[in-house]
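# Topology and contacts: notes
In case you want the letters, here they are:
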Amino acid sequence: MFNLILFGPPGAGKGTQSERLIAQYQLAHISTGDLLRAERKAGTELGEQANEYIAKGELVPDAVVIGMVRNYIVDHREASGFIFDGFPRTVAQAEALDSMLHEFDARIDAVLGLEVEEDELVKRLLLRGQSSGRADDQDEATIRNRFQEYMNKTLPLQSFYSEQNKYHGVEGMGEIESIFDSLCQQIDRVRS
Ligand code: ADP
């Protein structure tokens, strides 16, 4: 099994690059943002509850997302590995992920962090908001709040994984294709 975390702030390009990476490496994709939006679309109670946090730009409680990821992994046990996109976002989530993978005799092999300047991120998110219809991408105050949550709760994971020698920063500004090439180079280096 090869398990990869695509790390970075909102708007860094995790979803865009995940799509390409799953095609290239035949990995299963877990985007907690997508899973939460699917729950909401299906009108489940979990989806309704999560949406209250999402609309404010706050993180959804750890127990909710951890449970969701666990179900997904159990349902995709045959996968040759996973790309985690938007998860983990807190140290508690990272620790839960480690113990989940341990049950399957697996581990996180690499964490690739897409590095993008904040002004560029806001531009990308507002642009995405125009076409995706995502309410949390249309309001600058909500976007700023998501960055605040990222700084306070998610960024500490960079040291968490650096201490394990798993974190690799990748330039996330520029052409989608050249960013993809840099990600592939890192992955191939880790896998060889
Ligand atoms: P982005 O990375 O652009 O913010 P996502 O689709 O990954 O978009 O997430 C949208 C929202 O869903 C987040 O702002 C947060 O409220 C919620 N969310 C997604 N993943 C998690 C997670 N792992 N932990 C807590 N909340 C999450």
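Data block above holds the structure.
The structure displayed is predicted, hence computed values, not measured ones.

Contact geometry of helix H4 (residues 62-75) with helix H5 (residues 91-103) gives a least axis separation of 10 Å together with a crossing angle of 25°. For the element pair H4 / H5, the angle class is roughly parallel. Of the two elements, H4 crosses H5, and the hand of that crossing is right-handed. Between H4 and H5, the residues in contact are Asp62, Val65, Ile66, Val69, Arg70 and Ile73 and Ala92, Gln93, Ala96, Leu97, Met100, Leu101 and Glu103, respectively. A class-by-class count of the residues in the contact of H4 with H5 yields nine nonpolar, one polar and three charged.

This brings us to the site of the ligand. As a matter of local geometry, the ligand sits amid 20 residues, with Thr32, Arg37, Glu58, Gln93 and Arg128 nearest to it. Gln93 is positioned with one of its side-chain polar atoms (N or O) 2.9 Å from a nitrogen atom of the ligand. Protein coverage of the free-state accessible area of the ligand, which is 540 Å², stands at 97%. Per-element tally for the shell around the ligand: the top contributor is helix H2 (residues 32-41), with four residues. Residue classes in the shell around the ligand are distributed as seven nonpolar, five polar and eight charged.

Turning next to the sheet that holds strand E2 (residues 28-31). Overall, parallel pairing links the five strands, which are arranged E2-E3-E1-E4-E5 in an open sheet. Both outer strands of the open sheet, E2 and strand E5 (167-171), are each paired with one neighbouring strand and no more. Averaged over neighbouring strand pairs, the angle between their axes works out to 20° when direction is ignored. Alignment of strand E1 (residues 4-7) against strand E4 (residues 110-115), held across four bridges, turns out to be parallel. Looking at the pairing, Leu6 lines up with Leu112 of E4. Packed on one face of the sheet, H2 meets E2 and strand E3 (82-85) and runs near 70° to E2.

This part takes up the packing of helix H1 (residues 14-25) against helix H9 (residues 176-191). Two elements in contact, H1 and H9, have axes whose closest approach is 10 Å; the angle formed by their N-to-C orientations is 50°. When the axis of H1 is compared with that of H9, the two are oblique. When the axes of H1 and H9 are compared, the crossing they make is right-handed. From H1, Thr16, Gln17, Arg20, Leu21, Gln24 and Tyr25 reach across to H9, where they touch Ile176, Glu177, Ile179, Phe180, Leu183, Cys184, Ile187, Asp188 and Arg191. Residue classes in the contact of H1 with H9 are distributed as eight nonpolar, three polar and four charged.

Let us now look at unusual backbone geometry. Across residues other than glycine, the phi torsion is negative in most instances, and most of the peptide bonds are trans. The step from Phe87 to Pro88 runs through a cis peptide bond, and the omega angle for that step is -5°. Tracing the chain through its elements places Pro88 in the loop between E3 and H5. The backbone of Gln26 shows a phi angle near 50°, a positive value even though the residue is not glycine. Looking at where Gln26 falls in the secondary structure, it is placed in the loop between H1 and E2. Taking the relative accessible area as the measure of exposure, Gln26 reaches 58% and is therefore exposed. For Asp105, which is not glycine, the phi dihedral falls at a positive 55°. Note on placement: Asp105 falls in the loop between H5 and E4.

What counts and how
- Residues numbered from 1 in each chain as written.
- Predicted model: local features only at pLDDT ≥ 70, side-chain atom pairs only at ≥ 80, totals over all residues.
- Heavy atoms only, no water.
- Axes fitted to C-alpha atoms, helices over the stretch in contact; angles between N-to-C directions.
- Helix = DSSP H or I, 4+ residues; strand = E, 2+ residues; numbered from the N terminus.
- Parallel < 35°, antiparallel > 145°, perpendicular 65-115°, else oblique.
- Left-handed = near helix turned anticlockwise from the far one by under 90°.
- Contact = heavy atoms within 4.5 Å.
- Nonpolar A, V, L, I, M, F, W, Y, C, P; charged D, E, K, R; others polar.
- Near = heavy atom within 4 Å.
- Polar contact = N/O pair within 3.5 Å; in protein donor to acceptor, adjacent residues only side chain to side chain.
- Areas by Shrake-Rupley, 256 points an atom, 1.4 Å probe, with all protein chains shown as cover.
- Pairing = 2+ DSSP bridges.
- Buried < 20%, exposed > 50% of the residue type's maximum accessible area, 1.4 Å probe, protein only.

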